[in-house]
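Structural overview for review
Residues per chain, in single letters:
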Amino acid sequence: MIVHSFGSASSSPIAAVFSAALLLFYFSDTILGAPCPINGLPILRNISDLPQDSYGRPGLSHMNIAGSVLHGMKELEIWLQTFAPGSETPIHRHSCEEVFVVLKGNGTLYLAETHGNFPGKPIEFPIFANSTLHIPINDAHQVKNTGHDDLQVLVIISRPPIKVFTYDDWFMPHTAARLKFPYYWDEQCLQESQKDEL
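Just so you know, the residues in each chain are numbered from 1, in the order the chain's sequence is written. Totals for whole chains, interfaces and linings use every residue, but because this is a predicted model, local features are given only for residues with pLDDT of at least 70 and side-chain atom pairs only at 80 or more, for both listing and counting. Heavy atoms from the whole structure form the basis of all side-chain values; hydrogens and water molecules are not counted.

- Under an unreviewed UniProt entry, the name given to the protein chain is Auxin-binding protein 1-like, and the organism recorded is Camelina sativa.
- UniProt positions are given in the numbering used here, feature names are shortened, and annotations may be inferred rather than shown by experiment. Per its UniProt entry, the protein chain bears the Subcellular location (unreviewed entry) comment "Endoplasmic reticulum lumen".

Concerning the environment of Thr-175
- Along the chain, Thr-175 turns up in the loop between strand S10 (164-167) and strand S11 (178-180).
- Placed 57 residues apart in sequence, Thr-175 and Phe-118 show a C-alpha to C-alpha distance of 8.4 Å. Numbering goes from the N terminus for both helices and strands, where a helix is a DSSP run of H or I of at least four residues and a strand is a run of E of at least two.

Let's talk about the pattern of salt bridges
- By definition, a salt bridge exists where a carboxyl oxygen of Asp or Glu is found within 4 Å of a side-chain nitrogen of Lys or Arg. By the definition in use, this model includes 2 salt bridges.
- Ionic pairing is found between Lys-144 and Glu-88, a salt bridge with its closest N-O pair at 3.7 Å. Of this pair, Lys-144 sits in strand S8 (residues 140-144) while Glu-88 is found in the loop between strand S2 (76-83) and strand S3 (91-94), placing the two residues 56 residues apart along the sequence.
- On the accessibility criterion, Lys-144 (26% relative accessible area) is partly exposed.
- Under the relative-accessibility criterion, Glu-88 is labelled partly exposed at 35%. Type-normalised accessible area, obtained with a 1.4 Å probe on protein chains alone, sets the label of each residue: buried when under 20%, exposed when over 50%, and partly exposed for intermediate values.

Details of the pairing of strand S5 (residues 106-112)
- For S5, the buried fraction is high: 6 of the 7 residues fall into the buried class.
- The pairing of S5 with strand S6 (residues 123-128) spans 6 bridges and is antiparallel. Bridging from a neighbouring strand, Leu-109 pairs with Phe-125 of S6.
- When DSSP finds two or more bridges between a pair of strands, those strands are recorded as paired. Looking at chain direction, S5 and S8 are connected through 5 bridges and run antiparallel.

Digging into the pairing of strand S9 (residues 151-158)
- Extensive coverage of S9 is indicated by the burial of 6 of its 8 residues.
- In this sheet, S9 lies alongside S2 in antiparallel orientation, the contact comprising 8 bridges. Bridging across to S9, Thr-82 finds its partner in Gln-152.
- Sheet topology places strand S4 (residues 98-104) next to S9; 6 bridges connect them, and they run antiparallel. Looking across to S9, one finds that Val-99 is bridged to Ile-156.

What follows is the structure in C-alpha cells.
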C-alpha cells in the first residue's frame, strides 16, 4: 500500500502533484469504476474494506469474501450476507452444495426436496446464531429473516460460479423456473464460464 501525507508544510507543489498522480495510477481501477477491481485473492484482507451491495434486493447486504469471478477461486466461493428483518432470498435451487453458518440473528430455512415435477411444500427449520445449514444439490430452498434483528450468515458454495434457478412459488414446475446466470454479483466480471458442467 502506498501512503503519503499531503498535509506536510515542507511538501512542494510538484511533489504533491506527483504523489496524487501516483495514487491515481495505483487506485485507477477502483476510482474509475472498473467493474472488477480485485485481481486474485490477497493472503490477508480486512473484511471491513470489502465492498457490499444489495443488488436491488431490499434488506440484503452481500459481500464476496472469496469469489470465483472476482478472485479466481476454482472450487468454492464464500459470501457474507446480512438480511434485515422480514427480508428473504427468492425460492431457488442450484447444482452445487451450499453451507450456511449463522453468525447472528434468527430466521427460517424453507427446504423442499426437488425430486418431483415441482419443489412442493417445504419443511421449515428454525435457524439461529451458531447454527449451520447444509443445502443438498438442486433442492429448492429459501432463507428468511423472521426475527427482529439482522440475520447474518456466512455462505460457502461449491462449483462456482453459481447458476441459480428461481421460482415464483413452491408449486411452480421445474421446467418453468428461471435461470439466472451469471448471478447478480458476477454479472459485471464474468466473461465466460471456465467450469465444465460434467
